[in-house]
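Residue-level structure breakdown
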Amino acid sequence: MLWEGRFKKEIDSKTNDFNSSISFDKRMYKEDITGSIAHCKMLAKQGIIDKEESEKIVEELKNILSDIENNVLEIDSNAEDIHMFIESELTKRIGSTGKRLHTARSRNDQVALDIRMYLKNEIKEIIKLLKELLNVLIKKAEENTQTVMPGYTHMQRAQPITFAHHLMAYVEMFLRDIQRLEENYNRTNIMPLGSCALAGTTYNLDRNYVQDLLGFSDITKNSLDGVSDRDFAIEFLSNVSIIMMHLSRLSEEIVMWCSWEFKFIELDDAFSTGSSIMPQKKNPDITELVRGKTGRVYGNLMGILTIMKGLPLAYNKDMQEDKEFIFDSVDTVKICLVTLVPMIDTMKVLKDNMKKAALKGFINATDCADYLAKKGIPFRDAYKTTGILVAYAIDNDKTLNELSLDEYRKISDKFDKDIYEAIDLKTCVMNRNVIGGPAPEQVQKRIKEVKEILNIQNN
Ligand code: ARG
């Protein structure tokens, strides 16, 4: 036991299990060792420990790292946490020299450092995966700038858009998600070591040297805050919750689009599942699971917020509970992205069915009203006239395109035969040529811009 001076007894074994975080924080072994190596080099540079001893420590820490990675060294599940495990393994191997490593450091600033290092990596990984998702969405959008489909409000067919326009809405969302993660990265990229337990240290540390060795952009400016701040993690869990919310909305649409009621898309067999009893079934399980897993990611955010809300400064053991929330959200968002990308890439777009749905539901009614308004009728009156026309068409089981010119003229003499061109779905989409609109020209322009943004970021 590391604190055997103060204590006369071994810890109770159930209490040890309860207290231990090794089962989950062992995934930070690499960050822990890398942080320790930097700390040790700094101690030697400052003359706080002997140069030779520091070299011995660094060398053995590297050995421990490679032994863990090569499965030669098993992480002891009885250790309290990964920090204690690495330190005691070091001391086991090189004796009392190993005991010098923890000079001017506490597990409180050590764990804060490790989580920041871990999250910096994972944020980058998640951004990479989001970019892969963007690439497939953009690819599908490029293939469908002319694919007319109904746009919906209240789940009622509303106005004509294209499938590309619909997908590009998600592209905007995921672009914002990347921005949020990048800002999150900047606030995570601050080095807390040197805060020690809570009150800094009397040793003459060079914190900026450790910052440079570990590739951080700055150091924390208050030792109490350095050990008790988890804002960067809360921000991360919030950002991942927003990503999952976006993935979940997309998933919900895919579930609907796969239904016989819509049949706008068909998923590849490799990304669908069957039923154990109903031979005809092909279920979009993946998207349902993404929708479901969004709940646990929200739960993780609520969990960490609740842990932090009542904590006095500085470190409290409650904070050990932060890690499972963080790890679970990292794992969940990554597996969702990894699974969705090829599923979307291989899905078949059933353009004819989208077109058929677009022909029904009077989604060109606004265009019909606009037609009258452009002929000088005030829009409100044009709206009402079109409403009468739609009611007439419903009663006669026809679409607007199927009404004869006579039927049009019975309702308003402003109608001419150019009405058919004006309410043709292609025209309706083409003419929505405002920036941000569904006209193929606009969508193509935006696709090009986004590709440039992504290219610049990749170089
Ligand atoms: N396992 C602990 C955690 O994850 C490390 C820090 C413990 N510090 C302490 N003074 N008990 O938070």
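Let me begin by describing the structure that accompanies this report. (Residues numbered from 1 in each chain as written. Predicted model: local features only at pLDDT ≥ 70, side-chain atom pairs only at ≥ 80, totals over all residues. Heavy atoms only, no water.)

1. Considerations on the environment of L61
Tracing the backbone through its elements, the reader meets L61 in helix α4 (residues 51-69). Residue L61 is classed as buried on the basis of its relative accessible area, which comes to 0%. Sequence separation between L61 and D32 is 29 residues, and the spatial gap between their C-alpha atoms is 9.9 Å. When near neighbours in sequence (up to four residues on either side) are disregarded, L61 contacts I33, S36, I37, I86, L90 and L101. (Helix = DSSP H or I, 4+ residues; strand = E, 2+ residues; numbered from the N terminus. Buried < 20%, exposed > 50% of the residue type's maximum accessible area, 1.4 Å probe, protein only. Contact = heavy atoms within 4.5 Å.)

2. Considering the packing of aromatic side chains
Applying the stated criterion across every chain, the model contains eight aromatic pairs. Between Y371 and F415, the ring centres sit 5.8 Å apart and the planes meet at 10°, which makes this aromatic pair stacked. One end of the pair, Y371, is in helix α14 (residues 365-374); the other, F415, is in the loop between α16 (405-411) and α17 (419-422), and 44 residues separate them in sequence. Overall, Y371 belongs to the buried group, its relative accessible area being 7%. Looking at F415, the relative accessible area reads 0%, which means it is buried. The interplanar angle of 90° and the centroid separation of 5.8 Å between the aromatic rings of Y408 and Y420 together place this pair among those described as edge-to-face. With Y408 in helix α16 and Y420 in helix α17, the pair connects residues that are twelve residues apart, well separated along the chain. Chaining the aromatic ring pairs together yields one cluster made of Y371, Y408, F415 and Y420. When the ring centre of Y209 is taken as origin, the NZ or CZ atom of K45, which lies over that ring, is 5.0 Å away. The positively charged end of R380 is found above the aromatic ring belonging to Y383, 4.9 Å away from the centroid. (Phe/Tyr/Trp six-rings, centres within 6.5 Å; stacked < 30°, edge-to-face > 60°. Lys NZ or Arg CZ within 6 Å of the ring centre and 35° of its normal.)

3. Description of the nonpolar core
Counting residues in hydrophobic clusters, the biggest one holds 78 residues, and the most contacted among them are L247 and I265. Look past the residues within four positions of L247 in its chain and what remains in contact with it is L133, F174, V290, C336, L337 and L340. In this structure, L61, M191, L205 and F216 belong to the second largest nonpolar core, which totals 35 residues. (Core = buried A, V, L, I, M, F, W, Y, C linked by side-chain atoms within 4.5 Å.)

4. As for unusual backbone geometry
Here the residue pair L313 and A314 is connected by a cis peptide bond, since its omega of 5° sits within 30 degrees of zero. Relative to the elements of secondary structure, A314 occurs in the loop between α11 (285-309) and α12 (322-346). Phi at A104 is positive, roughly 60°, even though this residue is not glycine. Note that A104 resides in the loop between α5 (82-94) and α6 (107-142). Look at A104 and you get buried, because its relative accessible area is 10%.

5. Considering the pattern of salt bridges
Counted according to the given criterion, the structure contains 33 salt bridges. In this structure, K139 engages D345 in a salt bridge whose closest nitrogen and oxygen atoms are separated by 2.6 Å. On the criterion of sequence distance, the pair formed by K139 in helix α6 and D345 in helix α12 is long-range, its members being 206 residues apart. By relative accessible area, which is 36% here, K139 ends up partly exposed. (Salt bridge = Lys/Arg side-chain N within 4 Å of Asp/Glu carboxyl O.)

6. Section: the packing of helix α3 (residues 29-45) against α4
Closest axis-to-axis distance for the α3/α4 pair is 9 Å, and the angle between their directions is 170°. Considered as vectors, α3 and α4 are oriented roughly antiparallel to each other. Residue-level contacts link Y29, K30, I33, S36, I37, C40, K41 and A44 of α3 to K51, S54, I57, V58, L61, K62, I64, L65, I68 and E69 of α4. For the contact of α3 with α4, the class distribution of residues is eleven nonpolar, two polar and five charged. (Axes fitted to C-alpha atoms, helices over the stretch in contact; angles between N-to-C directions. Parallel < 35°, antiparallel > 145°, perpendicular 65-115°, else oblique. Nonpolar A, V, L, I, M, F, W, Y, C, P; charged D, E, K, R; others polar.)

7. Observations concerning the site of the ligand
Every residue close to the ligand is listed here: S21, D25, D81, H83, R107, N108, V111, Y315, Q320 and K323. A distance of 2.9 Å is found between a nitrogen atom of the ligand and a side-chain nitrogen or oxygen belonging to N108. Interatomic distance of 2.7 Å between a side-chain N/O atom of K323 and an oxygen atom of the ligand. Among the elements that make up the shell around the ligand, the one with the highest residue count is α6 (three residues). Here the residues of the shell around the ligand are counted per class, giving two nonpolar, four polar and four charged. (Near = heavy atom within 4 Å. Polar contact = N/O pair within 3.5 Å; in protein donor to acceptor, adjacent residues only side chain to side chain.)

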